[in-house]
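Read off the chains here:
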Amino acid sequence: MTSRVWLHRDKDFRPGVELFRSDRHFSLWSYSATHGQLLLRADQLPGVEGRLPTTIEVLFSPVEAMRMQGDYRGLVLRCATEDEAARVARDTSHHSPENARVLILESEGVTGYVVTPGVGWSEGVLSYLEPSLFNTFSRYDPIWPTKPLSGVGGELDIASPQEVAEAFLAGLPEGVRRPRRHTVHLLTASIEEDGRRSRHNVGVFLTEADAEEAKRLVEAHTATCWVEPLPVVF
């Protein structure tokens, strides 16, 4: 069961009102240039090893301006007071739309802000195959999501200089015999809409276990779906 809140109306944002509070350890998880989406994620408590059963994500969209940290040991999100909003407006030269609100992030005595028309959060059990609670499989776009956020970008993973150098200088090992044939697993779904069915190849998975887990997550949104092994030659 996943719970979700999304705020975007004027009545949702009264000056100084607290919107969200959690004692979890949040990290800046993803940014997508498409729609200026910014995602925070928390699945641990500060200073405690091991992941919690559920994941909490906070999404800002679209982001017009921001000043924030990469990590928060506990997080309070509230609407800016009128004085705080005026101060942020003076500090930023960016022209924000009329519906953009200034939201204050507080953690361990440090404050930051995000200027955005909308914010929401979601808590649920995140499968190891799902990149985010905000970017899950949809019958309206039946392609398996691979990034936390849709659109251009959507992830913050960057190769280290050492990894880039090794790939450039070493390349593939010489004389190494690689397999010429392998089996992958194709997940296909049949989507029914307005009395018509359409067939879509959702994704190709290297292991049968991953394909079956993806099938479990997809089948509730489809008329039918199935996994079939496919030989790959390379």
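Presented here is a report on the structure given in the accompanying data block. Nothing here was measured: the structure is a model prediction, and the numbers come from that model.

This paragraph deals with the pairing of strand E7 (residues 101-107). The element E7 is largely enclosed, with a buried count of six among its seven residues. Pairing of strand E6 (residues 71-79) with E7 involves four bridges; the strand directions are antiparallel. Paired with Leu 77 across the bridge in E7 is Leu 105. Here E7 pairs with strand E8 (residues 110-116) via seven bridges, running antiparallel. The residue of E8 that forms the bridge with Ile 104 is Tyr 113.

Right, let's talk about the nonpolar core for a bit. With 21 residues, the main nonpolar core has Phe 26, Phe 60 and Val 119 as its most contacted residues. Elements with a minimum of two residues in this core: strand E2 (18-32), strand E3 (37-42), strand E4 (55-60), E6, E7 and strand E9 (119-124). When neighbours within four sequence positions are excluded, Phe 60 is seen to be in contact with Gly 36, Gln 37, Leu 38, Leu 40, Leu 77, Leu 103, Leu 105, Val 114, Thr 116, Gly 118 and Val 119. Among the nonpolar cores identified, the runner-up in size contains 13 residues, and Leu 129, Phe 137, Leu 217 and Cys 225 belong to it.

Cut-offs and rules
- Residues numbered from 1 in each chain as written.
- Predicted model: local features only at pLDDT ≥ 70, side-chain atom pairs only at ≥ 80, totals over all residues.
- Heavy atoms only, no water.
- Buried < 20%, exposed > 50% of the residue type's maximum accessible area, 1.4 Å probe, protein only.
- Helix = DSSP H or I, 4+ residues; strand = E, 2+ residues; numbered from the N terminus.
- Pairing = 2+ DSSP bridges.
- Core = buried A, V, L, I, M, F, W, Y, C linked by side-chain atoms within 4.5 Å.
- Contact = heavy atoms within 4.5 Å.

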